[in-house]
Structure formats: structure tokens, C-alpha cells
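Results of the structural survey
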Amino acid sequence: MRIIMRMTLRIAVAGCTGYAGGEVLRILLGRDDIEIGALTAKSSAGTRLGTHHQHLTPLFDRVVQDTTAENLAGHDVVFLGLPHGASAEVAAQLGDDVLVIDAGADFRLESADDWVRFYGTAHAGTWPYGLPELPGQRALLASARRIAVPGCFPTSVTLALGPALTGGLVDGRDVVVVAPTGPSGAGKALKPHLLGSELMGSASAYGVGGVHRHVPEMAQNFRKLGAVDPTISFTPVLVPMARGILATVTAPLLEPVTIAQARAVYAEAWAGEPFVHLLPEGLWPQTQSILGSNHVHVQVAVDTAAGRLVAVAALDNLTKGTAGGAVQSMNIALGLPETLGLTMWGVAP
């Protein structure tokens, strides 16, 4: 791991006008060890950042530059908040001494076949995966110069079911996931079903039937947690809230367990984790409680009649699900305290 000798880290954000780029900047603006360097984009180059992110007052008058290797040079860390398939070309032009953190999907999957099947382009490769809560992952991130930020749904589902897999309560087969989420996960692109008049007062399923691009990533994580041949039926649901995910994950129990036994497995798994919290019995995760934070609230139940474990996780898809997880991984890669700049709590109501 390269040691940064100076006190201030110079950071660039490519794709700064999107939701992921804006959330990275929101988090980093609270740190006195960070210097915000180049802010770049493509179609919005030449505009002022405040026209895209009015809440980022200190950066309001900064002019967005074109996303080029020249503009991204000279930084300690470069965050890529680019459309899927666009990160590989940019990353290839950056030096090995630069820590590059990709919030897109380009380098998440290990299977080239899965990438081609779900994304339809050539596989760019695989980078260390930025989910520190996976077993052994912190050690991999500590020496990384390239990091792939997980998808928001895989983060929520993995943290919901992870202890049950490592604890031998379930084996990863016949996993069913239903996960309401807000439209910010789809980015800022203008799409009819994301218009306020279409979304308000309505809920709708999408990506049904095993076609959502996050399915292979969930299965990949389950295998890292001990599942041999995981099967996942995933139904995301678009709901009228700007941000957040509430993932309900169920799986058949390998043998009968009590709720006390299941809770003990979860309590042991998440003990000491700074951002994952098993709620007290009787309390259920809600998205408003983690809004704007890097925290994940988890609860578990046993459906005795169905013989299934039920785990529920709530997180903010833009924070822990994207930018917060990216900054958390950056801290680890640079040898900084993992929670630095991420100690904010949720906002409610």
C-alpha cells in the first residue's frame, strides 16, 4: 500500500453531476483532510456544479470540466460516477499510483459470462470489491489501488442474509428477495416511468424474472459467504421516495431454529461492525431512519410455519449503497480510520 505522506488528499470526481458523484462530494465536503480537485463530466462539461447540485453550496461556482485523463491527472484518488461501460476506458488512462474507485458496474463481476449476459458488452475485468463487511475483504482493500463499489441492491441483500449463510442457517438456495427502492438508483436520465406524475402515489415492480443486473452480483457474494449453488428470485419495486432500499430476504432453513438462536447468529456476525446494526427484537428497519447515513439496519425473524428465515435490511442506496461505501473503502485502502467522514446519523422524519 502506498502511504500518502502529505496531510491533504487531492480528490477528483468524474461524473460529478450525477447522483453518485454528488453524494461522494457531499460526504467529502465534511472532511478537513480532503481537497476537492477536478470535477468532470461529459455532456454537462462547461456548466457550473450548482446548477446540478444546489445543496453543495461550497462548490456551487465550480466549473465542470470534461472527463479526460489530463483533467483527472495529479490526484491521489479518483472517483468514477460514470454510466455502466464507461469506466474502463477512463481508468486505463490513470496511473497505477492513483487510487481509482468505480461506482459503476464495470469491474464488480468476476464472471465474464455473467457480464456479457446481463450487460451485453465485453468484460473489462475484476477489481477488489468494496464491501468491507464480507469475510476477508478488508485485507484485500487495504492493498488495493483499484476498487469496484458494489451495487446498492447487492449491498442490502448481502448484509441481510450474510450471517445466515456464514452461520449455517441457510445454504443460499431458493432465496426470495423483494426490495422497494426510490428512483435515484436509476440515475438522472429522463425516463417516463421516473417522472413525478408517473411515480407519485404508485408502486411498480420492474426487472422481474431474474433479469435484473444485480442478480449475478448477489449470487457472487453468496458464494463468498459459503453458498455452493445459490438461486435467487429478485423483485425490485419502484416506490415514491427519493432514496432508500428496504430489502426483505427469505430462504428455507436447513433445520428448525428459534428466533433466539437466529438472533444470536446475527448478533455475533455484526458485533463490532461500525455501520451494520441488528435492531432490538420487535423493531423493524425503516428507510427514514438511515436517510443520508452510511448505516444499515437489520432485523431477522423465523417463519416457523413456512420453515423460512426472514431478514430485512434498510439502507440509503446513495450513501452506504454507493458513495458512502466508496468512501469507506477509500479509507481502508489509504490506511485511514474506516469510519472517517462517515459518522453521520440518519435524518427523521
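Residues numbered from 1 in each chain as written. Predicted model: local features only at pLDDT ≥ 70, side-chain atom pairs only at ≥ 80, totals over all residues. Heavy atoms only, no water.

Attention now goes to the pattern of salt bridges. Within the structure shown, the criterion is met by 13 salt bridges. A salt bridge links Lys 224 to Glu 110, with the nearest nitrogen and oxygen atoms 2.7 Å apart. One end of the pair, Lys 224, is in helix H8 (residues 215-224); the other, Glu 110, is in the loop between strand S5 (99-102) and helix H4 (112-119), with 114 residues separating them in the sequence. Overall, Lys 224 belongs to the partly exposed group, its relative accessible area being 36%. Classification of Glu 110 by relative accessible area gives partly exposed; the value is 47%. Between Arg 138 and Glu 338 there is a salt bridge, with its nearest N and O atoms 2.8 Å apart. Here Arg 138 is found in helix H5 (residues 137-142), whereas its partner Glu 338 is found in the segment after helix H10 (319-333), with 200 residues between them in sequence. Since its relative accessible area comes to 16%, Glu 338 is described here as buried. Salt bridges linked by common partners bring Glu 23, Arg 26, Arg 243 and Asp 316 together as one network. (Salt bridge = Lys/Arg side-chain N within 4 Å of Asp/Glu carboxyl O. Helix = DSSP H or I, 4+ residues; strand = E, 2+ residues; numbered from the N terminus. Buried < 20%, exposed > 50% of the residue type's maximum accessible area, 1.4 Å probe, protein only.)

Turning to the sheet that holds strand S2 (residues 34-41), a few remarks are in order. With parallel pairing, the 6 strands of this open sheet are ordered in space as S3-S2-S1-S4-S5-S6. Since the sheet does not close on itself, it has two edges, and those belong to strand S3 (65-66) and strand S6 (146-148), each with one partner. (Pairing = 2+ DSSP bridges.)

The next thing to look at is the side chain of Asn 221. Its place among the elements puts Asn 221 in helix H8. Those residues in contact with Asn 221, other than ones at most four positions away along the chain, are Tyr 129, Leu 131, Leu 134, Pro 154 and Thr 158. (Contact = heavy atoms within 4.5 Å.)

What follows is about the sheet that holds strand S11 (residues 276-278). Spatially, S8-S9-S7-S10-S13-S12-S11 is the arrangement adopted by the 7 strands of the open sheet, whose pairing is mixed. Edge positions in the open sheet fall to strand S8 (204-205) and S11, since each of these has one partner strand only. Bridge count between strand S7 (residues 175-181) and strand S9 (residues 232-238): 7 bridges; the pairing is parallel. Bridged to Pro 180 within S9 is Val 237. Along the sheet, helix H6 (residues 152-166) contacts S7, S9, strand S10 (245-252), S11, strand S12 (296-303) and strand S13 (308-315); its crossing angle with S10, the most-contacted strand, is approximately 40°. The sheet contacts of H8 involve S7 and S9, and relative to S9 the element is tilted by about 130°. (Axes fitted to C-alpha atoms, helices over the stretch in contact; angles between N-to-C directions.)

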